[in-house]
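Structure assessment
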Amino acid sequence: IEHLQHALDLLKKHSTKEDHPLISHCYNEWASISAHQGEYPLAFQLYEKALKTPNNQRAMTYLGISQVHSSMGNYQLALDNLDKAEQNASDDDFT
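Residues numbered from 1 in each chain as written. Predicted model: local features only at pLDDT ≥ 70, side-chain atom pairs only at ≥ 80, totals over all residues. Heavy atoms only, no water.

**Describing the packing of helix 4 (residues 58-71) against helix 5 (residues 75-88)**
We apply this condition: With axes taken as lines fitted to C-alpha atoms, and helix axes fitted only over the stretch in contact, angles between N-to-C directions fall between 0 and 180 degrees. Under the scheme used here, helices are H or I runs from DSSP no shorter than 4 residues and strands are E runs no shorter than 2 residues, and both carry numbers assigned from the N terminus. An angle below 35 degrees is read as roughly parallel, one above 145 as roughly antiparallel, one from 65 to 115 as roughly perpendicular, and any other as oblique. Two residues qualify as a contact provided that any one of their heavy atoms is within 4.5 Å of a heavy atom in the partner residue. Gly is put with the polar residues, along with every residue not named as nonpolar or charged; the nonpolar set is Ala, Val, Leu, Ile, Met, Phe, Trp, Tyr, Cys and Pro, and the charged set is Asp, Glu, Lys and Arg.
Where helix 4 contacts helix 5, the two axes come as close as 8 Å, and the packing angle between them is 170°. By the angle between their axes, helix 4 is roughly antiparallel relative to helix 5. Two secondary-structure elements touch here, helix 4 through R58, A59, Y62, L63, I65, S66, H69 and S70 and helix 5 through Y75, L77, A78, N81, L82, K84, A85 and N88. Residue composition of the contact of helix 4 with helix 5, grouped by class: nine nonpolar, five polar and two charged.

Structure (structure tokens):
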């Protein structure tokens, strides 16, 4: 997590308008790690930040949100976000 935070700081410092594609990738990775550690509120916050960044792969972010909801037993919300992931998916998102 420490390395992701450092990477985010550097990317934000050296990119304009937080538009570097790796910014949302860092948020997604950090959220995934947080979810695996059971820190679900933090995971949701980070996924929301990822969704607000330009150049975000929305399908991947919604997939992560779906996985967190599933882990929490919120199966309907998991399915809803899985649908959003599918709606935002392109052929290149999952390769």
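**Topic: the layout of surface pockets**
Note the cut-off: We place a 1 Å grid over just the protein atoms. Points where a 1.4 Å probe fits but has no way out form a cavity, open points with protein on both sides within 12 Å along at least 5 of 7 lines form a pocket, and any residue with an atom within 4 Å of a point lines it. Grid points are joined across faces, edges and corners, and a volume is the space filled by probe spheres set on the points.
In this structure, the largest pocket encloses a volume near 260 Å³. Lining the largest pocket are 13 residues, and of these H25, N28, E29, Q57 and M60 sit closest to its centre. Elements with a minimum of two residues in the lining of the largest pocket: helix 2 (21-36) and helix 4. It is helix 2 that provides the largest number of residues to the lining of the largest pocket, a total of six residues.

**Section: the side chain of N81**
Among the secondary structure elements, N81 is positioned in helix 5. With near-sequence residues (within four places) excluded, N81 lies in contact with Y62, I65, S66 and H69.

**Overview of helix 3 (residues 40-52)**
Each α-helix winds once per 3.6 residues, and so residues spaced three or four apart point in a common direction. As a reminder of what qualifies: A helix's residues, less one, multiplied by 1.5 Å, set its expected span. Under the scheme applied here, a residue whose accessible area is under 20% of the maximum for its type counts as buried, over 50% as exposed, and between as partly exposed, the area being computed with a 1.4 Å probe on protein chains only. The arc in question is the one spanned by the directions pointing from the helix axis to the C-beta atoms.
Given a rise of 1.5 Å per residue, 13 residues ought to cover 18 Å, and the 19 Å separating the end C-alpha atoms of helix 3 matches this to within 8%. Along helix 3, the residues that are buried comprise A43, L46, Y47, A50 and L51. Along the axis of helix 3, the buried positions cluster into a sector of 145°, meaning they face one direction only. Facing away from the buried side of helix 3 by over 90 degrees, the exposed positions are P41, Q45 and K52.

**A look at the packing of helix 2 against helix 3**
For clarity, the threshold we go by: Each helix crossing is assigned a hand: it is left-handed if the near helix lies turned anticlockwise from the far helix by less than a right angle, otherwise right-handed if that turn is clockwise.
Here helix 2 crosses helix 3 at 165°, and the two axes come no closer than 8 Å. Our classification of the angle between helix 2 and helix 3 gives roughly antiparallel. At the point where helix 2 passes helix 3, the crossing takes the left-handed sense. Contacts from S24, Y27, N28, W30, A31, S32, S34 and A35 in helix 2 reach Y40, L42, A43, L46, Y47, K49 and A50 in helix 3. Within the contact of helix 2 with helix 3, the residues separate by chemical class into 10 nonpolar, four polar and one charged.

**Description of the confidence of the model for the chain**
A low pLDDT score tells you not to read the predicted coordinates there in detail. Counted only if it meets this: Confidence per residue, as judged by the predictor, is encoded in pLDDT with a range of 0 to 100.
Looking at the chain, pLDDT values average 87 and 87% of them are 70 or higher. Mean pLDDT values for the elements of the chain range from 73 in helix 1 (residues 2-14) up to 97 in helix 4.

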